[in-house]
Structures are given as C-alpha cells and as structure tokens.
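One letter stands for each residue in the lines below.
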Amino acid sequence: MLKSKTFVKKTRSGGVLKIVREHYLRDDIWCGSEVCRECKDETPVLQEDACIKSSLCPFSHYLIPDTNVVLHQIEILEDPLIRNVIILQTVLQEVRHRSAPVYKRIKDVIHDKEKHFYTFTNEHHRGTFIDREQGESANDRNDRAIRVATTWYTDHLAKATHDGALKVVMLTNDWANKEKAKQHGLLVYKCEEYVKSLIGHPELVDRLALTSEDQNDITGSKSLFSEHLPLSRIQAGIKNGIFLQGTFHANRDNYLEGTVYIQRDDKGITEVLLQGLQNLNRAVHQDVVAVELFPKERWAAPLSVVLQDDGPNDEDAEEDEIKNTSESIASDSIDLKPTGQVVGIIKRNWRPFCGMLSQSQIKEATRHLFTPADRRIPRIRIETRQAATLVGQRIMVAIDGWPKNSRYPNGHFVKSLGTAGDKETETEVLLLEHDVPHQPFSQAVLSFLPKMPWSVTEEDMKVRADLRHLCVCSVDPPGCTDIDDALHCRELKNGNLEVGVHIADVSHFIRPGNALDQEAANRGTTVYLCGKRVDMVPELLSSNLCSLRSNVERLAFSCIWEMNHLAEVINTRFTKSVINSKASLTYAEAQMRIDDPNMNDDITKSLRSLNKLAKILKRQRTDKGALNLTSPEVRFHMDTETHDPIDLQTKELMETNSMVEEFMLLANISVAQKIYDEFSECALLRKHPSPPPSKFDILIKAAKSKDIVIHTDSAKALADSLNNATIESFPYFNTLLRILATRCMMQAVYFCSGMDSDFHHYGLASPIYTHFTSPIRRYADIMVHRLLAVAINADSTYPDLMNKHRQSALCNNLNYRHTMAQYAQRASVAFHTQLFFKNKGIINEDGFILFVRRNAIIILITKFGFEGTVFFENKVKPNPHLSFNSESSTLTVEGHTFHMFDKVKVTISLDASNIQHQRIRMALIEPVIPGISVSLPETEPEAKKLKLNC
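Parameters at a glance
- Residues numbered from 1 in each chain as written.
- Predicted model: local features only at pLDDT ≥ 70, side-chain atom pairs only at ≥ 80, totals over all residues.
- Heavy atoms only, no water.
- Helix = DSSP H or I, 4+ residues; strand = E, 2+ residues; numbered from the N terminus.
- Areas by Shrake-Rupley, 256 points an atom, 1.4 Å probe, with all protein chains shown as cover.
- Pairing = 2+ DSSP bridges.
- Axes fitted to C-alpha atoms, helices over the stretch in contact; angles between N-to-C directions.
- Contact = heavy atoms within 4.5 Å.
- Salt bridge = Lys/Arg side-chain N within 4 Å of Asp/Glu carboxyl O.
- Buried < 20%, exposed > 50% of the residue type's maximum accessible area, 1.4 Å probe, protein only.
- Phe/Tyr/Trp six-rings, centres within 6.5 Å; stacked < 30°, edge-to-face > 60°.
- Lys, Arg positive; Asp, Glu negative; His and termini not counted.
- Parallel < 35°, antiparallel > 145°, perpendicular 65-115°, else oblique.
- Left-handed = near helix turned anticlockwise from the far one by under 90°.
- pLDDT = per-residue confidence, 0-100.
- Expected span 1.5 Å × (residues − 1).
- Nonpolar A, V, L, I, M, F, W, Y, C, P; charged D, E, K, R; others polar.

1. Considering the overall build of the protein chain
No. 1: The helix and strand tally for the protein chain stands at 27 helices and 38 strands.
No. 2: When the accessible area of the protein chain is evaluated, it comes to approximately 45,100 Å², of which 49% is carbon and sulfur surface.

2. Description of the sheet that holds strand S35 (residues 890–893)
No. 1: The strand order across the open sheet built from three strands is S34-S35-S36, with neighbouring strands paired in antiparallel fashion. The sheet is open, and its two edges are formed by strand S34 (882–885) and strand S36 (896–898), each paired on a single side. Strand-to-strand twist of the sheet, defined as the mean angle between neighbouring strand axes without regard to direction, takes the value 20 degrees.

3. Quick word on the environment of Phe-733
No. 1: Within the secondary structure, Phe-733 is located in helix H25 (residues 733–743).
No. 2: As for Phe-733 and Lys-706, which are separated by 27 residues in sequence, their C-alpha atoms are 9.5 Å apart.
No. 3: Residues within four places of Phe-733 in sequence aside, it is in contact with Lys-706, Ile-708, Ala-725, Ile-727 and Phe-901.

4. What to know about the pattern of salt bridges
Note on pairing: side chains with opposite charge can pair once their charged atoms come close.
No. 1: The tally for this structure, following the rule as stated, stands at 45 salt bridges.
No. 2: For Asp-79, the salt bridge is made with Arg-207, and the minimal N-O distance between the two is 2.6 Å. Here Arg-207 lies in the loop between helix H8 (203–206) and helix H9 (212–217) and Asp-79 lies in the loop between helix H2 (74–78) and strand S4 (85–88), a separation of 128 residues in the sequence. Like Arg-207, Asp-79 is buried.
No. 3: Arg-464 is paired through a salt bridge with Asp-505; the nearest N and O atoms lie 2.6 Å apart. Here Asp-505 lies in the loop between strand S21 (497–504) and helix H17 (506–509) and Arg-464 lies in the loop between helix H16 (458–462) and strand S18 (465–466), a separation of 41 residues in the sequence. Assigned by exposure class, Arg-464 and Asp-505 land together as buried.

5. Points about the sheet that holds strand S16 (residues 393–401)
No. 1: On the basis of which strands lie adjacent, the closed barrel formed by five strands has the order S13-S14-S15-S17-S16 and mixed pairing. With strand direction ignored, the average angle separating the axes of adjacent strands in the sheet is 55 degrees.
No. 2: The sheet contacts of helix H14 (residues 423–433) involve strand S13 (353–358), S16 and strand S17 (410–419), and relative to S17 the element is tilted by about 140 degrees.

6. Structural notes on the packing of aromatic side chains
No. 1: If you walk through the whole model with that rule in mind, you get 19 aromatic pairs.
No. 2: A ring pair is formed by Phe-730 and Phe-733, whose centres lie 5.8 Å apart and whose planes are at 50 degrees; its orientation type is tilted. No difference in accessibility class separates Phe-730 from Phe-733, as the two residues are buried.
No. 3: Between Tyr-732 and Phe-848 the ring centres are 5.3 Å apart and the planes differ by 15 degrees, which places this aromatic pair in the stacked class. Of this pair, Tyr-732 sits in the loop between helix H24 (715–724) and H25 while Phe-848 is found in strand S31 (residues 843–852), placing the two residues 116 residues apart along the sequence.
No. 4: Judged by relative accessible area, Tyr-732 falls into the partly exposed class, the value being 27%.

7. Side note on unusual backbone geometry
No. 1: A cis amide bond links Met-452 to the next residue, Pro-453, at an omega of -5 degrees.
No. 2: Inspection of the secondary structure assignment puts Pro-453 in the loop between helix H15 (443–446) and H16.
No. 3: The amide bond that connects Glu-926 to the next residue, Pro-927, takes the cis arrangement and shows omega of 0 degrees.
No. 4: Here Pro-927 is to be found in the segment after strand S38 (919–926).

8. Here we look at the pairing of strand S15 (residues 380–383)
Along a regular strand, successive side chains alternate from one face of the sheet to the other.
No. 1: Relative to S15, strand S14 (residues 367–372) runs antiparallel, the two sharing four bridges. Paired with Arg-367 across the strands is Glu-383, a residue of S15.
No. 2: Note: S15 against S17, two bridges, orientation parallel. Bridging across to S17, Ile-382 finds its partner in Gly-411.

9. Considering the environment of Glu-845
No. 1: Secondary-structure assignment places Glu-845 in strand S31.
No. 2: Spatially, the C-alpha atom of Glu-845 lies 5.7 Å from that of Val-906, the residues being 61 residues apart in sequence.
No. 3: Apart from the residues lying within four places of it in its own chain, the contact partners of Glu-845 are Ile-861, Lys-863, Phe-864, Val-904, Lys-905, Val-906 and Ile-908.

10. Examining the side chain of Asp-476
No. 1: Tracing the backbone through its elements, the reader meets Asp-476 in strand S19 (residues 473–476).
No. 2: Buried Asp-476, no salt bridge; nearest opposite-charge side chain is Arg-777, N-O distance 7.8 Å.
No. 3: Not counting chain neighbours up to four residues away, the residues in contact with Asp-476 comprise Ile-483, Asp-485, Leu-585, Thr-586 and Tyr-587.

11. Here's the deal with the packing of helix H21 (residues 602–624) against helix H22 (residues 655–678)
No. 1: Following both chains from N to C, one finds H21 and H22 inclined at 70 degrees, their axes separated by 8 Å at the closest point. One finds that H21 runs roughly perpendicular with respect to H22. The interaxial crossing formed by H21 with H22 has left-handed handedness. Of the residues in H22, those in contact with Leu-607, Leu-610, Asn-611, Leu-613, Ala-614, Lys-615, Leu-617, Lys-618 and Arg-621 of H21 are Glu-655, Ser-658, Met-659, Glu-662, Phe-663, Leu-665 and Leu-666.

12. Quick look at the confidence of the model for the protein chain
No. 1: Across the protein chain, the average pLDDT comes to 87, with 88% of residues at 70 or higher.
No. 2: Throughout residues 312–333 the model reports pLDDT below 50, and contacts reaching past four residues in sequence, or to other chains, amount to 39 contacts.
No. 3: Considering only residues more than four positions removed or in separate chains, one finds that residues 933–950, a stretch of pLDDT under 50, has 33 contacts.

13. A word on helix H26 (residues 779–791)
No. 1: With 13 residues, H26 ought to run about 18 Å at 1.5 Å a step, and its terminal C-alpha atoms sit 19 Å apart, in line with that.
No. 2: Most of H26 sits out of view: 13 of its 13 residues are buried.
No. 3: Following H26 by one or two positions, Asn-793 has its phi on the positive side, about 60 degrees.

14. Comments concerning the environment of Asp-800
No. 1: Mapped onto the elements, Asp-800 comes out in the loop between H26 and helix H27 (804–840).
No. 2: Separated by 118 residues in sequence, Asp-800 and Cys-682 place their C-alpha atoms 9.7 Å apart.
No. 3: For Asp-800, the residues in contact, after removing those within four places along its chain, are Arg-806 and Gln-807.

15. Quick look at the side chain of Asn-496
No. 1: Secondary-structure assignment places Asn-496 in the loop between strand S20 (485–491) and S21.
No. 2: Leaving out residues up to four positions away in the same chain, Asn-496 has contacts with Arg-490, Glu-491, Glu-562, Met-563, Asn-564 and Ile-570.

16. Thoughts on the pairing of S16
No. 1: For S16, the tally of buried residues reaches nine of nine residues, placing the bulk of the element in the interior.
No. 2: Pairing analysis gives three bridges linking S13 to S16, with the strands arranged antiparallel. Within S16, the residue paired with Phe-353 across the bridge is Val-397.

17. What about H24?
No. 1: Buried within H24 we find Ala-715, Ala-717, Leu-718, Ala-719, Ser-721 and Leu-722.
No. 2: Those residues of H24 hidden inside the fold are in contact with helix H23 (697–704) and H25.

18. Brief notes about the packing of H14 against H27
No. 1: Orientation of H14 relative to H27, taken along the N-to-C sense of each, is 155 degrees, at an axis distance of 10 Å. One element, H14, and the other, H27, form an angle in the roughly antiparallel class. H27 is crossed by H14, and the crossing has right-handed handedness. Between H14 and H27, the contacting residues are Lys-423, Glu-426 and Leu-430 on the first element and Ala-824, Ala-827, Ser-828, Phe-831 and Leu-835 on the second.
No. 2: Looking at the contact of H14 with H27 residue by residue, the classes come out as five nonpolar, one polar and two charged.

So this is what it looks like as structure tokens:
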C-alpha cells in the first residue's frame, strides 16, 4: 500500500518547492514473537516464556516503553533483568532526534541477543500507521501512534495464544498518556510503578531517574538560584545582542569559577569569566549556556587561588572565600576579564559520572551526596537504599535535573564499578570519565578482519613496488608491538642518498564504510595508559598484520626521497610497497649501533646516514623558527608479578629519538603538500594556531624575573629567545622556561582544507602539515593514506572522501578523541604516581617553583617529572602574614618571598585522607619559613562522613 504526503518548502532563493514523499505500508511485517504462527516466519526475538516476577504483572508479558521512558530510564532498560521489550519505530526515531548518546545505547541493547529487544516498524505497518490529525501536535501524534501499536500487539498476541496468557504492558512517564491508554483498555503503568513491583530486585529502584515531581518533593521552597529564562527569550536575546551563547568550562583548580568561550565571527573567541555559585547558576561543565555580561565596573580577574579538596563540608566556606578574595582584588587588578552570569541553559551536556558516595550520618536516611571524580562537576544528591554497601565503591550516577531551590543537582544511581583504589576499577573510571571507547570489539567489527593464515599474495605484488631487498629497520620505544614506521637509507650511483619512510598500510585492511572502519573512526586513536593499551583497531592488525615487525613481509605505504648530503630534497615519490624489515630496534639499541665504531653492517651504516641527515634537517627547521619545547615525561618500571610501579623516572631522550622524529615530520609535510595539491577542498590537514599574545604573559613574567627578555612576535622570535635564555649558574633554567612555553601553546587540531584558510603549523614553522606516519594508532592517518592512494592512482575514491562537510565533522570527532586520550593518559600517570608513593612512604626531594598562586606554590620535581602543590593557609588556620603580588607573580610568606623558578626542597608523601581524591602531598623543608611547620598526613586517616540537611 502506498501513501503519499505533499508539502511545500521555501528555498533559499525565495522560491517555493513542492515536495511529495511516498510512504509504503505493508501487512507482512513480523511481530517478532516466537508464539506467533501468523506472521512471516523469521528467527524469533521475543520469547514465549517472558516472565519477570512482578506483583503487578504476575504473568508472561512484553514491555512497550514510550519515548520518555527510553530517554530518561535507559539505565533500567539496560539492566540484564529487563528482557522481551518491543521498541517501536516511532520511539526509536524520536530518541534519535532528541539524544544521540541515548540512541546509541538503546541500539546497543537491541543488538544484544541476550536481551531479546525487538524493533517493530510500526510506521510502515498497515495496521499500526496513523496520520497526524488536524491541530494535533507531533508529540501527541507520536503518543497516539504508541497506543495504537500497543493495541495492535495486545489483539495480535491474544489471537496467537488463544488463552491470552501472554500480555503486553505499556510503560510511560506521562500521566495524560497513561490515562488515555487506560481508556482504550490497555495494560499500562508508569515506569516507576512497574520497577517497584519487581520482586527480589530492590536495587533497580535506585536506578530510576527522578521525574520533575520527584525533584520538587526532595528540595526546599527557598530559591537559591535565578530562574532560567525560556528558550524563546534566550534566542531573542542572542539575536539582539543582549545575551551571548557559548560553552561553559569549569575551572579544574576552583569549581566555583569557570569560563564561557563564545565564538564571535567578527571578534574571534571571547572569554567570559563566571565567579560564584549564583553567577554559575546551575551550569555544569561543557553545557551550552546563555550569558549576560556585567557592566565594566563589575568585571573581575581570575582568582589565583587553589582550592584544597578537604571534603564536602567546606563548600560554603570556600564560596565565602571566593567572594572575599574576588572583592579584595577586583578593584586594583590589571588583569580584569569580561564577567557575567548564566541566564539560561541552551543544551545540557550531562553524562553518567564516576565517583563515590558520601553517606549521610542520619540513620536510615535514603538521601545521600555523590562526589564526582571530576572536580569540575558539582556534587549530586541521590536516593539509594544501598548506601552501606556502596560506601568505598566507585559508582556511576546520572543527573536528572537541578531545581532552582536545590544547592545540588538531583540524580540517580547507575551502577557500581568496583572497590576504590583497585587498579582495574580506577582504570575503568578514568576511561569512562574521559569517554574513551574501550569495549571489546564486536563480532560485526571482527568479521571484517582478514582470514588467517595471511600472507602477501601475487596480486599484491603486481600493484606494489617490491622493496623487500632494502635494508629497512624500525626504531621504537622498548616493548612496542604496534610498529607503524620503518626507515632505510642507501647511497645512489650518482652520489646522492635515497631515504625511505615506510608506513604500515592499514588502509589496505580497513575498507571505507564497513563496521571495522566505523569503529576505528569512532575511537579515533589508540590510548596508551600505564601498563595498558586501548587499541583503535583489533590486535590482529595492530600487533600483527600491520605491525612492521622484522623478518616478515608486510604491506607498506612508502615515501621515498632522493637527497643530497646537505639533506636537500631532489625529488619525492610515493608508492604502495612490500617490505621486509631487517631489524626491530629500540632507541637505545639504535644509538648503541651508531656510537659503536666496531659496527659497520648495512643496518648500522643506514642508521648513521639517517642520523647525520636528521641533524641537518633539525637545524634547517630551527633556522626557520621551529620550536624546541619541553614537557617532562615519566616512565614507570613495573613489578612483573604485582604490576605495581617500583621505580619512577623521567624519560631519557637520545639522538635516535630525534632522528626518527625528523623523518616522520618530513614525510608528513611531503604528504600534506601532495594531497593538498591534488584535493584542495578535501585534504585532511593538521594545524597549530598561533597563541594570542596574552597566552605568553606568564612566560614573559617568569623570564623577566631573571632579567631575561622573551620576544613572542613570531615563532622564530620565540625560538631565538629561548635559545638565548641561559643562565650559567642555573643550567636547568632553560629547561624550565621551555616547559613553561609549552603551557602557553594552543592545541594542534585536524581540519579540512576546504573549510579553513589558515594552514600554518606554529610549533613546526611549517606552512602545511598532516599526519601520515601512524595509521595503526590514529584514524586521521588512515584518511590521509586514502587521499594519497587516490592521488597516485593506487586506490579508488568514494563519496565521503571528497565531501568536505563529512571530512570536517570527522575532524571534530578526531580532535575530541585525541584531547580525551591525552587527559586519560595524564590521569593514568597520576594514579600510578600515587601507587608509587604509597609504597615509598615519605621521601625528600629537590624541586623548582613553576607557578606562584595567592595561597600556594606549585612545584616541579625534576627527578620524577611531576608537579605538586604546597599550601600556606587553610580554612582552620589562615595565615595573616601572606602577601601575593600578581604583577611579579611572587608570594611573600612570613617575610620570605617566593619567585617562579626558585629552588626548594620538599617532603613528598601520599595523602589518602580523601579516598576519592588521593593526592601527592608536599610540605616545604627548605627554605625554612618561621611559623610554617612541616605537617604530614596521618598514617590511617578516617574517612570523613557528610551530614546532610535534606
């Protein structure tokens, strides 16, 4: 049966376009139940024995949730107990439109065969399709469609079972929808009613999301926040310039302060400072908000206060401290920022948050506070009857809402992750908190892997350059199994040198658009944690077939230059190839070969030539203004049995590190130019924006304190200044300055050439750049391989590859995944650092002051490459003899003045008094400050308990 719908649409040019949409209706769509004999015979999804023990429904039954239930009670539907659920096409389409994360979750549940969830295409079934009536809203029409489909299922299954033993239960959170369903004789319950009726599963009640009625019941009547404006007023205000729209970012050091980043076409990015709970007005990190700017006389400076995480009872005191400090410095500060308040929320960015429960001291209480692991997220009030068992556990909680009369948002328990402090649990937490996809690869993904045993075929050899005779070798960190790149260098008959960079041909195994490709695109990058790697592609590819291991034939994509001995490129060619690496070396092994005069084999000769050329290439880049910045990296030595860190040290960089880096950079630049020349509108490139001048303020202040001038007019000016910034009596000064300069940099990002005009890479001083050399661990490189392959006629194109809008959307995801991966890696280092000091006890070490704050100094421990904070005052005992100078970034305590880069000696230990946020604690030993005593954490601190006034 064919139905058609006609409507008119106004075009951009002002014309009117008549559109006719055809809608096919069928009567052969299967109901999905194994009890049915009338429908088309397919593999059943819904079971005949579909009994969940319920006091309301003590019979076999299928569930049909409406849209709101799927959107707000997804945790209930994901629970293993809930099976035999019919998800209507109407519901699925509405969920897809309203929440992409929930849509993905419900699709994952549908694909889980153990759950027996069936998607019924009611919008194409002759017996369940309905037209929208005149004057009926889209929402009311969809509610009616759900009731009509439930009626059809009720009648259909009654015929199939004859005795009516199998029933259909509709779940809704909408009172009006429930009443209308009851009028039609349907079996219908609110989701909360049904869940509370389940026998033997009281824990599911905790996972119910609170409705607006529930939230009003558990909050007071006094308004603590301003009412959020309706969206219509917000949109009008933004259009008229009264309000500004942007994304809210909470401060990591101070959750009572945040910044809204506003993209303004005419003025670039504007930053609006928010300070204090009332001005934050219930905004949560990464919400899209509407902001009203204060007049200039109310503008303020960011606070140089580091809040100590001493437990939930300190929040009101900290709020007062923020107000007092803000008032004391706002009038005379020269660093005033535009300041404002949130007037409305445009889009919430809530997700399930990991953290720990703070149990109420009130006996038999069911209301408790949840403290998120991410300090930027406010505490959340939840209802649970499992508090006694959840204390000491890492749990997940979702926010349901934040009424204006509640100090905290309201939420519900999602699931327990395990015991706090356990390595597996903490790793799971940091992966979840940083949104790192880490689930095992699905069978759909694995089905696209090549069948084993695999080998290079004759067909491969016909279309590839045979480079198996070349003396190719790889140089990587110790223990590396996903070897992306290999190198070779040999002398040509004309006296020049042939240099080759050979990259794993991952795009040969991952074809566009299949499930393996989609999964890799979503993951975006491999994430390297301490002792764990979360692969972007399955291990068969990452550590085997794509890895350029020695003495096996591998498919590669090669970039080959002819160079003279001055490292000048004579010509460049790209080719798909077959290689056979002659050695898989570590940086240390390669360095040993280069340095050993007794070694003169082909591999060593190749390495020496590569190293000589690399030094020239680096000097050429430096002369052009490339920056040589520093960021301390640490390496853990793990116990082979317990996998606990037993030693911690900064990574030592060798010449061979630089050698590999130089040729990877050259390959990336060469490929970037090639793909841009061929595809100027859709080349996937990488740029590093120039930092705004204000970013360098802290660097210039620090250098000035040592009578050194830093020029920041260009990358070359900065590079030259850093090269000249040396103090003979202070050899580590230049390293500290470069570490600080790294903090001033902007984030490098992927972009599509057709969507941007600024290609420049500031740090590398290169006019164009991309990523080509690590396709095993970066999806961007796979896309670049595909573009290059089309450019040299080695592969065919496909529509999405040449679509600049699709490319741009892909770049946005890749940038997000790379940022989250960096944060996850840092969090893993921080956790393992805590484990290291837990086993070490208390030790004394030298360090340098990196930053000076109003109430603390932040110290870099050079031996271990990490930072810690020494506080000089707290809530219990404020220090009256404390003076901060924001102009010179100095802090005077009891007559002693601390400057950036001063050398100090501290005692270091693990402070486990707050099990949620264990931290490395530092106390000053030298210089000795009168009245400042060295205080160490208690050996067995007692966890603080939180008393709630609910």
